[in-house]
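Notes for the structure review
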Amino acid sequence: MKHFTLIKYICYLALVPFLLTQCRPTEDEKKKEKHYIVATTGMIGDVVKNIVQDRAEVVFLMGPGVDPHLYKATKSDLDKVRRADIVFFNGLHLEAKMADVLTKLAEKKPVYAIEASIAKDKLRMMDNDANSIDPHVWLDVEIWIGATQYIGEKLAQQDSTNADFYRKNTKIYIEKLQQLHQKIKTEISTIPKERRILITAHDALGYFGKAYDIEVKGLQGISTATEFGLKDITELVDFIVKKKIKAVFVETFISQKSLEAVVNGCKEKGHTVVIGGTLFTDALGSKGTPQDSYIGMLESNLKIITSALK
Ligand SMILES: [Zn+2]
């Protein structure tokens, strides 16, 4: 009898590891357990990635060089947002052509607009029309810190298993953003005040200008969907000549042609202005480049602006 109990015991011991492996989730099951999060822009996607790290799957729809103002969701984008557990988007009419889809989706699942994290008095109104709010809020790092706090809290609420991890990472990422904010403030202030004028193809840097005390002018309005004409070029040329501006800046997703016309116009009036470099305003850089993160994108802009205007 005793012998029989011993055999039973040995069999049980042998079974333990087997039972344990059976209880452990397979790689596929682990993947399914992870939340699938979709962000519209790379800047939002990058914040989410910094917070969730490998505890959730994150994708963003608008890749490098994409113009968000004219962006139309593809079928594969729509599949992604339908599959998503959580969706983050900018709002403020940035994703103009996707707004309806996102609003409808919000009735069925957690869909959050960064817009909701920003106090009204921080928003840059272009005129009294509600559709004319400048959407480029990510270019003021202080506003983006508020957005990060908001994203971190929503993620913690929606994925309670990882809430502490998400809150800890949110705090760490915000510390990095605070350092970035200070760095931009300090370095822009080293450009002599009369040379602190930033001219770009479209008016993306209004929040940047306000936050870091640099005058900003765009050939086109806040959306690339607005038209510009000869009058706009002539006015900008006169402004550059009058202020003796040294450099203008192109943007990754906009053709250089419009600003080349400005450069040539200045030349005809006897003033030399150069294209000071390419700024990353509305999308991250390609994967593997220094601009493939939000922080990298702003650091790259800072370097280009300070070296061209100083
Ligand atoms: Zn823009």
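Residues numbered from 1 in each chain as written. Predicted model: local features only at pLDDT ≥ 70, side-chain atom pairs only at ≥ 80, totals over all residues.

Re helix α11 (residues 294–309)
In a regular helix each residue adds 1.5 Å, so 16 residues correspond to 22 Å; α11 covers 23 Å between its end C-alpha atoms and thus fits that length. Every buried residue belonging to α11 is among Y294, M297, L298, N301, I305 and L309, and all of these are buried. Buried positions in α11, seen along its axis, are confined to an arc of 90° and lie on one side of it. On its buried face, α11 sits against α3 (42–52), α6 (141–158), α7 (163–189), β5 (197–202), β7 (247–251) and β8 (274–279). (Helix = DSSP H or I, 4+ residues; strand = E, 2+ residues; numbered from the N terminus. Expected span 1.5 Å × (residues − 1). Buried ≥ 20, exposed ≤ 12 C-beta atoms within 10 Å, placed from the backbone. Arc of directions from axis to C-beta. Contact = placed C-beta atoms within 7 Å.)

Section: α6
Taking 1.5 Å of rise per residue, 18 residues should cover 26 Å, and α6 covers 25 Å from first to last C-alpha, within 8% of that figure. Along α6, the positions that sit buried rather than exposed are V141, I143, W144, A147, T148, Y150, I151, G152 and L155. The inward-facing, buried residues of α6 abut α3, β3 (86–89), α7, α8 (206–212) and α11.

Comments concerning the nonpolar core
Among the nonpolar cores identified, the biggest contains 77 residues, and I37, V48 and F88 are the most heavily contacted of them. In terms of residues, this core owes the most to one element, α6, which gives seven residues. Counting residues domain by domain, this core receives three or more from each of domain 1 (34–175) and domain 2 (186–309). Excluding anything up to four places from it in sequence, V48 contacts I37, A39, V58, F88 and I151. (Core = buried A, V, L, I, M, F, W, Y, C linked by C-beta atoms within 7 Å. Domains from an automatic or database assignment.)

As for the sheet that holds strand β1 (residues 35–39)
Strands belonging to one sheet form pairs held by backbone hydrogen bonds; the direction of such a pair is parallel or antiparallel. Read across the open sheet, the four strands follow the order β2-β1-β3-β4; overall the sheet is parallel. A strand with exactly one partner marks an edge of an open sheet, and here the two such strands are β2 (56–60) and β4 (111–113). The average angle at which neighbouring strand axes cross in this sheet is 20°, direction not considered. Across the sheet, α3 lies against β1, β2 and β3, angled at about 170° from β2, the strand it touches most. (Pairing = 2+ DSSP bridges. Axes fitted to C-alpha atoms, helices over the stretch in contact; angles between N-to-C directions.)

With respect to the pairing of β2
Of the two faces of β2, only one is covered, namely that formed by A56, V58 and F60; the face formed by E57 and V59 stays uncovered. Two strands pair when backbone bridges link them, and β1 and β2 are joined in this way by five bridges, in the parallel orientation. Within β2, the position partnered with A39 by the bridge is F60. Where the polypeptide runs from β1 across α3 and back to β2, its parallel neighbour, the crossover connection is right-handed. (Right-handed = clockwise from strand over helix to strand, strands pointing away.)

Concerning unusual backbone geometry
A positive phi is found at H93, a non-glycine position, where the angle reads about 65°. The partly exposed category is assigned to H93, around which 17 C-beta atoms lie within 10 Å. Although it is not a glycine, K244 adopts a positive phi angle of roughly 50°. The class of K244 is exposed, set by 12 C-beta atoms lying within 10 Å.

Some remarks on the pairing of β5
Along β5, six of the six residues are buried, which leaves the element largely enclosed by surrounding structure. Relative to strand β6 (residues 215–220), β5 runs parallel, the two sharing five bridges. The residue bridging T200 from the neighbouring strand is G218, located in β6. Crossover connection from β5 via α8 to parallel β6: handedness right-handed.

A few points about the environment of V52
Relative to the elements of secondary structure, V52 occurs in helix α3. Sequence separation between V52 and A163 is 111 residues; the distance between their C-alpha atoms is 9.5 Å. When sequence neighbours within four positions are dropped, the list of residues in contact with V52 reads I37, V58, L155 and Y166.

Notes on the environment of M62
As for its placement among the helices and strands, M62 is situated in the loop between β2 and α4 (75–83). Residues M62 and T41, spaced 21 residues apart in sequence, show a C-alpha to C-alpha distance of 5.2 Å.

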